[in-house]
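Close look at the chain arrangement
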Amino acid sequence: MSAVTTLSRPRRALLGLVGVLVVLAAGEVAGRAGIVQRAYLPPSSEVVARAAELAGDGLFLDGVGATLTVWAYGLLLGCALAVPLGVLFGSVPKVDAAARAVVEFLRPIPSVALIPLVALLLGTGSRMQVTVIAYACVWPVLFNTVYGLGDVDPVAKDTLRAFGFGRLQVLWRVSLLATAPFIAAGVRISAAVALILAVASEILSGFGEGLGTFIAQASQIPDGTTDVLAGTLWAGALGLGINALLGLAERRLMPWAAARARRA
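So, a few notes on the structure that sits alongside this text. What you are looking at is a predicted structure, and each value in this text was computed from that prediction instead of being measured.

Another aspect to go through is the nonpolar core. Phe-60, Trp-71, Ile-133, Trp-139, Leu-211 and Trp-234 are the most contacted members of the largest nonpolar core, which has 46 residues in total. Elements that contribute at least two residues to this core include exactly α3 (44-54), α4 (58-91), α5 (93-106), α6 (115-122), α7 (126-150), α9 (167-205), α10 (211-218) and α11 (225-253). With 13 residues, the top contributor of residues to this core is α7. Setting aside chain neighbours within four positions, we find Leu-211 in contact with Phe-60, Gly-63, Val-64, Thr-67, Val-199, Glu-202, Gly-231, Trp-234, Ala-235 and Leu-238.

Below you can see the structure in the form of structure tokens.
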């Protein structure tokens, strides 16, 4: 077990906070001392102050809400597609073998590279964003589901079969419960990918509303670097908050997984 996993959760949070403060301090020194021109890297204090100021801007918050909306729709659609497909591939080896070539062909295609193509087909609105996000979210959840099903204890399945339980009952009572932590890990990975794509697609479009649109428009104005970095800080904070909430939900809904991780 790695040294990081042996640390208690509060200690890891404290060390993470120390790391953030070190980075902010380095940015402050570099900006104030003139090591980097302020036009390219304003002092951290100005960026943080601008990010805090944006918290009171209703128009900006509406854009953040629009970004989170397409993020949620894309993530939910991707998971709704990936989990059943993962269960099918992981439970029926012949289907997995038949689909493997197609999956391995599609998986390496960068989701960002699909944005222009999908924009041509669906336009540059929320439908395009949701489609691209869903495509990217499918893969982590799909493969984690397949791997989780492959890691299920065969003795537990054989025990239920010996008591007369059918294939679907074994899948529901044993396989899915054992696979749930793997699926949850895939969802957390997909949530981060979805947020990146939501912001990136808005930056590429450059109009409409959203956090990425705010960053794109700020980059086009003189002395807009502070706004760009403040928007980026908001994106990072959103990603951190989403990951923390999903991790909390995972620990609450699947306490057996956390207990097994501590024993590992």
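Two or three places before Val-155, at the start of helix α8 (residues 154-162), stands the capping residue Asp-153, its side-chain oxygen 3.1 Å from that residue's backbone nitrogen. In the segment just after α8, Gly-164 is the residue with positive phi, at about 90°.

Here the focus is the packing of α10 against α11. Helices that pack against each other are described as a pair by the angle of their axes relative to one another and the distance between those axes. With their axes 8 Å apart at the nearest point, α10 and α11 run at an angle of 160° to one another. On the basis of the axis angle, α10 is roughly antiparallel to α11. By crossing handedness, the relation of α10 to α11 is classed as left-handed. Residue-level inspection shows Leu-211, Phe-214, Ile-215 and Ala-218 of α10 in contact with α11, the latter providing Asp-227, Val-228, Gly-231, Thr-232, Trp-234, Ala-235 and Leu-238. Among the residues forming the contact of α10 with α11, the class breakdown is eight nonpolar, two polar and one charged.

Any aromatic ring pair is given by two values, namely how distant the centres are and how the planes are angled relative to each other. One pass over the structure, following the stated rule, counts five aromatic pairs. Between Phe-60 and Trp-234, the aromatic rings sit 5.2 Å apart at their centres with planes inclined by 75°, giving edge-to-face as the arrangement. Residue Phe-60 is found in helix α4, and its partner Trp-234 is found in helix α11; the two are separated by 174 residues along the sequence. On the accessibility criterion, Trp-234 (18% relative accessible area) is buried. Here Phe-143 and Tyr-147 contribute two aromatic rings whose centre-to-centre distance is 6.2 Å and whose plane-to-plane angle is 45°, an arrangement assigned as tilted. Here the residue Phe-143 and the residue Tyr-147 both occupy positions in helix α7, the gap between them amounting to four residues, near one helical turn. Through a chain of ring-to-ring contacts, three or more aromatic side chains come together here, namely Tyr-135, Trp-139, Phe-143 and Tyr-147. Taking NZ or CZ as reference, Arg-107 lies 4.5 Å from the ring centre of Phe-143, over its face.

As a further point, take a positive patch on the surface. Side chains of Arg-9, Arg-12, Arg-251 and Arg-252 sit close together on the surface and give a patch of like positive charge. Elements that contribute at least two residues to the positive patch include exactly α2 (9-32) and α11. Summarising the element assignment, Arg-252 is placed in helix α11.

With that out of the way, let us pick up a nonpolar patch on the surface. The grouping of Leu-14, Leu-17, Val-18, Val-20, Leu-21, Val-22, Leu-24, Val-48 and Leu-233 at the surface amounts to a nonpolar patch, some 730 Å² of accessible area in total. Take the nonpolar patch: its biggest share by element is seven residues, from α2. Considering the arrangement of structural elements, one finds Val-22 in helix α2. Judged by relative accessible area, which is 52%, Val-22 ranks as exposed.

Bringing the environment of Val-112 into the picture now. Its place among the elements puts Val-112 in the loop between α5 and α6. What makes Val-112 partly exposed here is its relative accessible area of 42%. For the pair Val-112 and Ala-49, spaced 63 residues apart in sequence, the C-alpha to C-alpha distance is 31 Å.

For the rest of this paragraph, the subject is the side chain of Thr-226. Looking at the element boundaries, Thr-226 is found in helix α11. On the basis of relative accessibility, which here comes to 19%, the residue Thr-226 falls in the buried class. Contact partners of Thr-226, with chain neighbours within four places excluded, come to Pro-42, Glu-46, Val-47 and Arg-50.

The rules behind these values
Starting afresh in each chain, residues are numbered from 1 along the sequence in its written order. Residue-level local features of this predicted model are given only where pLDDT is at least 70; pairs of side-chain atoms are given and counted only at 80 or more, and the full residue set underlies all totals for whole chains, interfaces and linings. The side-chain quantities take in all heavy atoms of the structure and omit both hydrogens and water. What makes a nonpolar core is a set of buried Ala, Val, Leu, Ile, Met, Phe, Trp, Tyr and Cys residues whose side-chain atoms join them at distances within 4.5 Å. For the exposure calls, accessible area comes from a 1.4 Å probe over protein chains only, and a residue counts as buried if that area is under 20% of its type's maximum, exposed if over 50%, partly exposed in between. For helices the rule is a DSSP run of H or I covering at least 4 residues; for strands it is a run of E covering at least 2, with both sets numbered from the N terminus onward. Residues are treated as being in contact if the distance between any of their heavy atoms lies within 4.5 Å. Pairing of N or O atoms within 3.5 Å defines a polar contact, subject to two protein rules: one partner must be a possible hydrogen donor and the other a possible acceptor, and residues neighboring in sequence count only if both atoms are side-chain atoms. Lines fitted to C-alpha atoms define the axes, with helix axes restricted to the stretch in contact, and inter-axis angles between N-to-C directions lie between 0 and 180 degrees. Small angles under 35 degrees read as roughly parallel and large ones over 145 as roughly antiparallel, with 65 to 115 read as roughly perpendicular and the rest as oblique. Note on convention: the crossing is left-handed when the near helix lies turned anticlockwise from the far helix by less than a right angle, right-handed when the turn is clockwise. Just so you know the grouping, Ala, Val, Leu, Ile, Met, Phe, Trp, Tyr, Cys and Pro go in nonpolar, Asp, Glu, Lys and Arg go in charged, and all remaining residues, Gly too, go in polar. Ring pairs are drawn from Phe, Tyr and Trp, using the six-membered ring of Trp, whenever the two centres fall within 6.5 Å, and their geometry is named by plane angle: stacked under 30 degrees, edge-to-face over 60, tilted for the rest. Whether a charge lies above a ring is judged from NZ of Lys or CZ of Arg, which has to be within 6 Å of the ring centre and within 35 degrees of the ring normal. For patches, a residue must show more than 30% relative accessible area and have no salt bridge; joins then use 9 Å for like charges and 5 Å for nonpolar side chains, namely Val, Leu, Ile, Met, Phe, Trp and Tyr. Surface accessibility in these figures is a Shrake-Rupley result with a 1.4 Å probe; residues are shielded only by whichever protein chains are displayed. When a carboxyl oxygen of Asp or Glu lies within 4 Å of a side-chain nitrogen of Lys or Arg, that pair is called a salt bridge. Only four residue types enter the charge count, namely Lys and Arg as positive and Asp and Glu as negative; His and the chain termini do not. For the purpose of locating charges, the reference atoms are NZ of Lys, CZ of Arg, CG of Asp and CD of Glu.

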